[in-house]
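Per-entry structural report
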Amino acid sequence: MKPISGDRIHVLNEHDIDTNGDFVLYWMIANRRIHYNPSLQHAISMSFELKKPLIVLEAISTRHQYASDRILTFMIQGMLENQQQFSAHDIRYIPWVSTPIQSGTGLLERISEKAAIVVTDLFPTYHPRKVVESAKKKVKVRFEAIDGNGYLPLSIGNKAFPTAHSFRRHLHDHFIQNWEDIPLENPIPTEHALSIPEEHYQEILSSSSIEPTPLEWIWRVCQGGTIGQTALAALEIDHSVSAVKSYEGGRSSALIRLARFMEDGLRRYHTDRNDLVRCAASGLSPWFHFGHLSTIEVIMQILKREDWDPNMIDPSRRGSRSGWWGLPEPVESFLDQIITWRELGFNFAHYREDHTSIESIPEWAKKSLKEHHQDPRQSYTFEQIENAETEDELWNAAQRQLMRVGIIHNYLRMVWGKRILEWAPNAETAADWMKYLNDKWALDGRDPNSYTGIFWVLGRHDRAWGPERPIFGKVRYMSSANTARKLKVDGYLNRWARDALHSNDYP
Ligand SMILES: Cc1cc2nc3c(=O)[nH]c(=O)nc-3n(C[C@H](O)[C@H](O)[C@H](O)COP(=O)(O)OP(=O)(O)OC[C@H]3O[C@@H](n4cnc5c(N)ncnc54)[C@H](O)[C@@H]3O)c2cc1C
């Protein structure tokens, strides 16, 4: 088994591997997949090295602020697919969703007592970051978190980068060094002895008081609609944020969307990404967020199709947005989003504890927003904003799209944030409102990119712009009126009109 790059391994405690332990435990909390999953690859490597079987425990917590029908349904759909895949490969897989009765307190502690080593996923924000932090003190054997977040391991960044330009230079300097080290497409070997005999497995479950979540219930949640709603009713989560029909969690749905993007969107990405009707964006962010699909898989698929090899690099373009790869414009433009912009945000979250706070925006932005703190503004209450009751119909449509299907069209996402800055009583409140609305309603919310986007609205990773404007100061200005002049908005306005059919379906 090929070892993963040491740069992806974060050792979380000082305990040794327990060579008397019965198994290797992979506690899956972010990279919820098999393919291009370095955590799974590492757990399998350890399992071979120690000659011990593997147990995969995929845990879904309902004990966090934004747990809702929408998020749970998507995650559980991915869980069902994982269950089928692991079972086909004869690997013990425990699907586990916390409930009011089985809250999860002490769960990891109990099962890890019999483990030789615990491997988990490193995710730099929100609940997964918090639970790993608190688990550090509880696991009494070697505990390692594996970074499967992006193409470049976070550890080689060493610091948070202030701009996309500085991150691009870092990417260009380290791309090749990681080219030979990318995680395996499928780390499960065809011939293996990773499974635990049934009797022993049942003994582990009962001594750790773990009851795997019943497959029948998982299956019902996956149906969505009223069947899914009824199944989820027993959970103490936000039932007002409903599941979305056509965004189905799991790798299979992600691959269908990816195939569509490769066929059509990618070749016109540079020109039509912002088109409200023929939008060329991939739409893959929810699957990336929940770890059902790795961005590495997408990057490799694209580079393979383009017949790319490192000899095509133009070193004179180091740090530039285009030209470095030696690839057509739409492809370079997409790679810049999926690697530079995405990994800039993951890197920032990893190195900055304050990445969800307004304190993390650059000094020039803080100063300028403060200078315009008292500027008169048209204010709306938070309720008016959340309920899409402003006088700006384009903005209302974007907010309704967010509430109904958990997504906002990419370009409008920026305008959505900029208008909240204009309407909230001050920049701090604007940040709080954006975080709350995005984390609550967006399928891809609670992600490092959520905070990249939200704080970009307030100047992070951006430069000062002129002319200086009321409220915004030197922070980049965007408005719905300009957007309506630039893009064709009629179809979008109709699709997300207040009285449009209240379908939570999205093509
Ligand atoms: C206010 C605001 C909030 C945002 N909240 C989120 C969020 O909660 N989750 C989220 O994933 N993204 C967020 N973004 C960034 C961006 O809008 C989305 O990543 C993108 O719209 C996702 O759609 P897609 O998958 O079709 O992207 P594509 O254009 O197909 O790009 C592919 C991938 O590249 C990455 N990417 C693309 N654009 C950006 C960007 N500007 N910044 C960082 N990564 C990018 C994403 O992982 C995306 O899935 C936010 C942006 C703003 C302005």
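Keep in mind that what you see is a predicted model, and the values were worked out from it rather than measured.

Some thoughts on empty space enclosed by the protein
- Under the counting rule described, the total for this entry stands at six cavities of 30 Å³ or more.
- Of the pockets and cavities examined, the largest cavity occupies roughly 110 Å³.
- For the largest cavity, the lining is made up of 15 residues, of which Asn31, Arg33, Phe288, Gly291 and Arg342 are closest to its centre.
- Here the residues of the lining of the largest cavity are counted per class, giving five nonpolar, seven polar and three charged.
- Both domains that meet at the lining of the largest cavity, namely domain 1 (6-148 + 197-218) and domain 2 (251-289 + 294-349), each give it at least three residues.

Notes on the layout of surface pockets
- Roughly 740 Å³ of volume is contained in the second largest pocket.
- Among the secondary structure elements, those contributing two or more residues to the lining of the second largest pocket are β3 (54-60), α2 (69-88), α3 (107-112) and α4 (126-135).
- The dominant element in the lining of the second largest pocket, judged by the number of residues it contributes, is α4, at seven residues.
- A class-by-class count of the residues in the lining of the second largest pocket yields 17 nonpolar, ten polar and six charged.

Here's the deal with the site of the ligand
- Taken together, 23 residues lie near the ligand, and Tyr269, Ser282, Gly283, Asn410 and Ser450 sit nearest.
- Taking serine 285, its main chain carries an N or O atom lying 3.0 Å from an oxygen atom of the ligand.
- A distance of 2.9 Å separates an oxygen atom of the ligand from a polar side-chain atom of asparagine 438.
- The fraction of the free accessible surface of the ligand (820 Å²) that becomes covered by protein chains is 93%.
- At the level of elements, α11 (285-289), α13 (329-351), α17 (410-423) and α19 (448-457) are the ones that each hand at least two residues to the shell around the ligand.
- Of the residues belonging to the shell around the ligand, the class tally is nine nonpolar, ten polar and four charged.

Brief notes about the side chain of arginine 377
- Checked against the element boundaries, arginine 377 lands in the loop between α14 (363-371) and α15 (382-386).
- The charged side chain of arginine 377 is buried without a salt bridge, its nearest counter-charge being aspartate 375 at 5.7 Å.

Here we look at the domain arrangement of the chain
- Looking at the assigned domains, one finds that the chain contains domain 1 (6-148 + 197-218), domain 2 (251-289 + 294-349) and domain 3 (358-495).
- Distance between the C-alpha centres of domain 1 and domain 2: 30 Å.
- Taken together, the contact pairs nine residues of domain 1 with eleven residues of domain 2.
- For the pair domain 1 and domain 2, the two sides together bury roughly 1,000 Å², of which 63% comes from carbon and sulfur.

Looking at unusual backbone geometry
- With an omega of -5 degrees, the peptide bond between glycine 466 and proline 467 qualifies as cis.
- Following the sequence through the fold, proline 467 ends up in the loop between α19 and α20 (480-486).
- Of note in the backbone geometry, tyrosine 126 takes a positive phi value of approximately 50 degrees without being a glycine.
- Its place among the elements puts tyrosine 126 in helix α4.
- Phi at asparagine 158 is positive, roughly 65 degrees, even though this residue is not glycine.

Description of the packing of helix α5 (residues 164-179) against α13
- Two elements in contact, α5 and α13, have axes whose closest approach is 10 Å; the angle formed by their N-to-C orientations is 105 degrees. The angle between the axes of α5 and α13 places the two elements in the roughly perpendicular class. Across from Ala164, Phe167, Arg168, Leu171 and Phe175 in α5, the residues of α13 making contact are Asp336, Ile339, Thr340, Trp341, Glu343, Leu344 and Asn347.
- Along the lines of polarity and charge, the residues of the contact of α5 with α13 split into seven nonpolar, two polar and three charged.

Things to note about the environment of valine 131
- Topologically, valine 131 is positioned in helix α4.
- Valine 131 sits 70 residues away from serine 61 along the chain, and the two C-alpha atoms are 9.8 Å apart.
- Discounting residues that sit within four places of it in the chain, valine 131 has contacts with Trp27 and Ile29.

Each value, and the rule that gives it
Residues numbered from 1 in each chain as written. Predicted model: local features only at pLDDT ≥ 70, side-chain atom pairs only at ≥ 80, totals over all residues. Heavy atoms only, no water. 1 Å grid on protein atoms, 1.4 Å probe; cavity = no way out; pocket = protein on both sides within 12 Å on 5 of 7 lines; lining within 4 Å. Points joined across faces, edges and corners; volume = space filled by probe spheres on them. Nonpolar A, V, L, I, M, F, W, Y, C, P; charged D, E, K, R; others polar. Domains from an automatic or database assignment. Helix = DSSP H or I, 4+ residues; strand = E, 2+ residues; numbered from the N terminus. Near = heavy atom within 4 Å. Polar contact = N/O pair within 3.5 Å; in protein donor to acceptor, adjacent residues only side chain to side chain. Areas by Shrake-Rupley, 256 points an atom, 1.4 Å probe, with all protein chains shown as cover. Buried < 20%, exposed > 50% of the residue type's maximum accessible area, 1.4 Å probe, protein only. Lys, Arg positive; Asp, Glu negative; His and termini not counted. Salt bridge = Lys/Arg side-chain N within 4 Å of Asp/Glu carboxyl O. Contact = heavy atoms within 4.5 Å. Buried area = accessible area lost by both parts, 1.4 Å probe. Axes fitted to C-alpha atoms, helices over the stretch in contact; angles between N-to-C directions. Parallel < 35°, antiparallel > 145°, perpendicular 65-115°, else oblique.

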